[in-house]
Amino acid sequence: MHELAQWAFGFVGAVSILALAVVVYRRFDWLLRPIAPAASVLVVAGIALLGTDQGRDLGSALLAAPLGQRLWFAAALLYWALATWHNARFPLAVEVERLSAQCRTDAAASPVPEPPTEAAGQHQEGRCLTPVEKGLQRWTPRLLGLTVFGFALGHLWLAYRAEDDRGDALILAALILGTAILYTLFVVFRRRLGNEIRDLLDERRPGVGRRLDATFARPTEEKKDLARSVATSTWAAFLFYFGVALALAAMAWVDPVAVGARFGSMAIGFVAFGAFLTGFVALWLITDWLRVRFPSAGSPRLPGAVAALLLVALAVSLTRHYHAVRTCAAALDECLVGSEIDAARPTVAEAARAWYAQARDLVPAGEPVPMIIVATAGGGSRAAYWTAVVLG
């Protein structure tokens, strides 16, 4: 009876949460749909970084990292946060502009505008945003970007609890908070700073201000696809994030070991999430353009972008093998590769006999030779690391 009551309570709770999520989505669909790519990557990143053993171990390495890797980590934080903010902000701005334009059209056509409809499940054409909703439009992308620094502080806390290294933890906490302040100042005061720079340039070289205004202005003609509905400056920022992603991918393709040694695993992980988001949004834009260009094909944005990412991941997995086992002599050019590894690798029985042969001389004659097998959690390098730690 007690188990039945627990099951019923859990079922009612799950249904209630699902119903609440549906109500929230229907009420704020104009907000949630444009930021879906950025929010989805943050959810996946949170699970990977804080919900898995391998993800939680990344912070421990950062405590002992040299200054160069710590600075690269700060740069990776800023990159992922700005990419999250930017890739949530510009689709949301286009959606709000579309709703506002329709709202102005409806208001001009009717002397007494009807209040915004709250019909569940209906897309609200011409919905006039309230002041609170305009605040949500402005601050939601900014808060999504700040979530990145929350992940970093959470990682640092886990590393501090494991290592108890207060000095390095405080230094890294100050670095993270300083980078968060720099991010906040940029996203909040960028327009004011940009206007001052524009006025200064316009005083020295008349006409520069008009060209800058044209660069930062969205197209006046309404476009059906997102890719052609943003300003030139938005595209320039997006191409910058995309360029960083391509550069990191190229370096990892050529020499992944050197990339890890230079930048550190934590920095690579944070840049990778920002790069993944940028690539995801790029595919989102492409599939959206295809949807408008070929309306008969259907081309939904989200499934198309996910399918394209899976194809890229599959192509990389089939063509690049980063986990090949190599046995090397003194010189790296004497490493065994390919089928040579299988030919040189001993069987379990051969390895046990070889171990017994060298251990037998360490034990007095007639006594059994003890064999202790150490099994540690993880996969690949993580299991090897913990084995080395256990064995001292």
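These notes cover the structure that comes with them. Keep in mind that what you see is a predicted model, and the values were worked out from it rather than measured. Starting from 1, residues in each chain are numbered consecutively following that chain's sequence as written. Reporting in this predicted model follows two pLDDT cut-offs: at least 70 for local features of residues, and 80 or more for side-chain atom pairs to be given and counted; totals over whole chains, interfaces and linings ignore these cut-offs and use all residues. Values reported for side chains reflect all heavy atoms of the structure, with hydrogen atoms and water molecules removed beforehand.

Glancing now at the overall build of the protein chain. In terms of helices and strands, the protein chain carries 15 helices and zero strands. Here the protein chain holds 392 residues, and the buried ones make up 30% of them. Look at the contacts in the protein chain between residues 6 or more apart in sequence, and 71% of them connect residues 24 or more apart. Residue-level accessible areas treat just the shown protein chains as cover; the underlying method is Shrake-Rupley with a 1.4 Å probe. For the protein chain, the accessible area works out to roughly 24700 Å², and carbon and sulfur atoms hold 67% of it. What counts as a helix is a DSSP run of H or I of at least four residues, what counts as a strand is a run of E of at least two, and both are numbered from the N terminus. Buried means the residue's accessible area, taken with a 1.4 Å probe over protein chains only, is under 20% of the maximum for its type, while exposed means over 50%, and partly exposed covers the values in between. The contact rule is simple, with two residues in contact once any of their heavy atoms fall within 4.5 Å.

This part is about the nonpolar core. Put simply, a nonpolar core is a bunch of buried Ala, Val, Leu, Ile, Met, Phe, Trp, Tyr and Cys residues held in one set by side-chain atoms that sit within 4.5 Å of each other. If you look at the biggest cluster of nonpolar residues, it comprises 57 residues, and the most contacted ones within it are Phe73, Leu77, Trp80 and Phe270. Here this core takes 14 residues from helix 5 (residues 67–109), the largest share from any one element. Phe73 has contacts with Leu62, Ala152, Ile176, Met266, Ala267 and Phe270, leaving out every residue within four places of it along the chain.

Attention shifts here to a nonpolar patch on the surface. Each patch is built from residues that are more than 30% exposed by relative accessible area and take part in no salt bridge. Like charges join if they lie within 9 Å; nonpolar side chains (Val, Leu, Ile, Met, Phe, Trp, Tyr) join within 5 Å. The salt bridge criterion pairs a side-chain nitrogen of Lys or Arg with a carboxyl oxygen of Asp or Glu, the two atoms within 4 Å. A cluster of nonpolar side chains, contributed by Ile372, Val374, Val390 and Leu391, occupies part of the molecular surface with about 420 Å² of accessible area. Here Ile372 is to be found in the loop between helix 14 (348–359) and helix 15 (381–391).

Turning our attention to empty space enclosed by the protein. Cavities and pockets are found on a 1 Å grid laid over the protein atoms alone: a cavity is a set of points where a 1.4 Å probe fits but cannot escape, a pocket is an open set with protein on both sides within 12 Å along at least five of seven lines, and a lining residue has an atom within 4 Å of such a point. Grid points are joined across faces, edges and corners, and a volume is the space filled by probe spheres set on the points. Evaluated as defined, the whole model comprises two cavities of 30 Å³ or more. Quantified by volume, the largest cavity comes out at close to 40 Å³. Taken together, Trp139, Arg142, Leu146, Tyr183, Thr184, Val187 and Val188 make up the lining of the largest cavity. At the level of elements, helix 6 (131–163) and helix 7 (166–204) are the ones that each hand at least two residues to the lining of the largest cavity. Looking at which element gives the most residues to the lining of the largest cavity, the answer is helix 7, with four residues.

Below, the discussion takes up the pattern of salt bridges. One pass over the full model with this rule turns up two salt bridges. Between Arg33 and Glu95 there is a salt bridge, with its nearest N and O atoms 3.1 Å apart. Residue Arg33 is located in the loop between helix 2 (29–32) and helix 3 (36–50), and its partner Glu95 is located in helix 5; the two are separated by 62 residues in the primary sequence. Among the residues examined, Arg33 registers a relative accessible area of 25% and is labelled partly exposed.

Let us now look at the packing of aromatic side chains. Each Phe, Tyr or Trp ring (for Trp, its six-membered ring) is paired with any other whose centre lies within 6.5 Å, and the angle between the two planes then decides the class: stacked below 30 degrees, edge-to-face above 60, tilted in between. This model, assessed by the stated rule, comprises 13 aromatic pairs. Between Phe73 and Phe270, the aromatic rings sit 5.4 Å apart at their centres with planes inclined by 70°, giving edge-to-face as the arrangement. Placement of the pair is Phe73 in helix 5 and Phe270 in helix 11 (residues 265–293), with a sequence separation of 197 residues. Phe73 gets classed as buried once you look at its relative accessible area, which sits at 1%.

Attention shifts here to the packing of helix 9 (residues 232–254) against helix 10 (residues 256–263). Each pair of packed helices can be summarised by the angle the axes make with each other and by the distance between the axes. Think of each axis as a best-fit line through the C-alpha atoms, taken over the contacting stretch in the case of a helix, with angles from 0 to 180 degrees between the N-to-C directions. Look at helix 9 against helix 10: their axes get within 5 Å of each other, and the N-to-C directions meet at 120°. For the element pair helix 9 / helix 10, the angle class is oblique. Between helix 9 and helix 10, the contacting residues are Leu248, Met251, Ala252, Trp253 and Val254 on the first element and Pro256, Val259 and Phe263 on the second. Residue type decides the class: Asp, Glu, Lys and Arg count as charged, Ala, Val, Leu, Ile, Met, Phe, Trp, Tyr, Cys and Pro as nonpolar, and the leftover types, Gly among them, as polar. When the residues that make up the contact of helix 9 with helix 10 are grouped by side-chain class, the tally is eight nonpolar, no polar and no charged. Angle categories are assigned with fixed cut-offs, so that under 35 degrees is roughly parallel, over 145 is roughly antiparallel, 65 to 115 is roughly perpendicular, and the rest are oblique.

A few words now on the side chain of Thr278. Relative to the elements of secondary structure, Thr278 occurs in helix 11. Since its relative accessible area comes to 0%, Thr278 is described here as buried. Counting of polar contacts relies on pairs of N or O atoms within 3.5 Å, with two restrictions inside protein: one atom must be capable of donating a hydrogen and the other of accepting it, and residues adjacent in sequence are counted only when both atoms are side-chain atoms. At a separation of 2.9 Å, a polar atom in the side chain of Thr278 contacts the main-chain carbonyl oxygen of Gly274. Setting aside anything within four residues of it in sequence, one finds Thr278 in contact with Tyr79, Ala83, Asn87, Phe238, Tyr241 and Phe242.

Such coordinate-based values are descriptive only and should not be taken to indicate function.
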